[in-house]
Amino acid sequence: MKKTVTYVEMTDRSRLVPGALVPGMALVAVVGDLSPVSDVMARIGAPYHWRSARRGPQEWRAWFVEHPERTCWLLTLADEPAGAVCYDVHPGGDVEIRTFGLLPEFTGQGLGGHALTLAIRQGWDVVPGVRRVWLHTSSADHANALPNYHRRGFHTFKVEEQDG
């Protein structure tokens, strides 16, 4: 089965168009024990058949340890996990939002715009000198993902067809 993968980028932080504020939503850094974020990411990815939904503990350790530049954050709502975002820092000031999503029980409630706003703002502050924040999504992801990215100010820079 083919899927369309769309790559989007934001090359200036002033392009961010914030989503509607969600009181009580926050982005919380995950340090030390990364199992809370791996559990959340597995649950986020399950409906979309992400690899994260099938990783075992050893694979999760490798996913974090083999990428020391990777940072992960939990999206919380009223101090309860609601989603996750992970960033990879690439040479030249590029920050990739490697993972972004809400837990299934939080989708469809109008939370995604603010959650993505928080994720983008943090992306610009992951390291000094960020020149671009980017990510990719696919037609196999949540139907509102790409429209949300575009509404927040990302623009598409590449589209490709891949085997599913």
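Structure first, text after, so check above.
Read on for an overview of the structure. (Residues numbered from 1 in each chain as written. Predicted model: local features only at pLDDT ≥ 70, side-chain atom pairs only at ≥ 80, totals over all residues. Heavy atoms only, no water.)

What to know about the state of the cysteines
With the rule as written, the count across this model stands at one disulfide. Through a disulfide, C72 is tied to C86; the S-S separation comes to 2.4 Å. Its torsion about the S-S bond being 110°, the disulfide of C72 and C86 is classed as right-handed. Pair noted here: C72 is in strand β3 (residues 71-77) and C86 is in strand β4 (residues 80-90), with a separation of 14 residues, a long-range link. Each member of the pair, C72 as well as C86, is classed as buried. (Disulfide = S-S within 2.5 Å. Helix = DSSP H or I, 4+ residues; strand = E, 2+ residues; numbered from the N terminus. Buried < 20%, exposed > 50% of the residue type's maximum accessible area, 1.4 Å probe, protein only.)

Side note on helix α3 (residues 112-125)
End to end, α3 covers 20 Å across 14 residues, agreeing with the expected 20 Å (1.5 Å per residue, within 8%). Extensive coverage of α3 is indicated by the burial of twelve of its 14 residues. (Expected span 1.5 Å × (residues − 1).)

Quick word on the environment of H114
The topology assignment puts H114 in helix α3. Classification of H114 by relative accessible area gives buried; the value is 5%. Residues H114 and P36 lie 78 residues apart in sequence; the distance between their C-alpha atoms is 21 Å.

Examining the nonpolar core
One broad rule of soluble globular proteins: the nonpolar side chains tend to lie buried together. Counting residues in each nonpolar core, the largest one holds 43 residues, and the members touching the most others are V37, V85, Y87, I97, F100, Y149 and F154. With residues up to four places along the chain from it excluded, the contact list for V37 reads V30, F64, C72, W73, L74, A84 and C86. (Core = buried A, V, L, I, M, F, W, Y, C linked by side-chain atoms within 4.5 Å. Contact = heavy atoms within 4.5 Å.)

Observations regarding the pattern of salt bridges
Evaluated as defined, the whole model comprises ten salt bridges. In this structure, the salt-bridge partner of K2 is D163, at a minimum N-O distance of 3.2 Å. Of the two residues, K2 is situated in strand β1 (residues 2-10) and D163 in strand β7 (residues 155-163); the sequence distance between them amounts to 161 residues. Classification of K2 as exposed rests on a relative accessible area of 53%. Under the relative-accessibility criterion, D163 is labelled exposed at 62%. Across the salt bridge formed by R70 and D88, the nearest N and O atoms sit 2.7 Å from each other. (Salt bridge = Lys/Arg side-chain N within 4 Å of Asp/Glu carboxyl O.)

Let's talk about the sheet that holds strand β5 (residues 94-102)
Strand order in the open sheet made by the seven strands is β2-β3-β4-β5-β6-β1-β7, with mixed pairing throughout. Of all strands in the sheet, those bounded by a partner on one side alone are β2 (25-29) and β7. Put simply, the sheet's adjacent strands are angled 25° from each other on average, direction ignored. Sheet topology note: the β4/β5 ladder contains eight bridges and is antiparallel. Bridging across to β5, V85 finds its partner in F100. In the packing of helix α1 (residues 35-45) onto the sheet, contacts are made with β3, β4 and β5, and the angle to β4 comes to roughly 100°. Contacts between α3 and the sheet are confined to β1, β2, β3, β4, β5 and β6 (132-138), with β5 contributing the most and set at about 155° to the helix. (Pairing = 2+ DSSP bridges. Axes fitted to C-alpha atoms, helices over the stretch in contact; angles between N-to-C directions.)

Focus on helix α2 (residues 57-65)
W60, W63 and F64 are the residues of α2 that are buried. All buried residues of α2 lie within an arc of 90° about the axis, which places them on one face of the element. Exposed side chains of α2 directed beyond 90 degrees from the buried face belong to Q58 and V65. Tucked into the core, α2 has its buried residues touching α1, β3, β4 and β5. (Arc of directions from axis to C-beta.)

Some words on the environment of G123
Along the chain, G123 falls in helix α3. According to the relative accessible area criterion, G123 is buried, its value standing at 0%. When sequence neighbours within four positions are dropped, the list of residues in contact with G123 reads Y87, V95, V130 and V133.

Function cannot be read off these values alone, since they describe shape.
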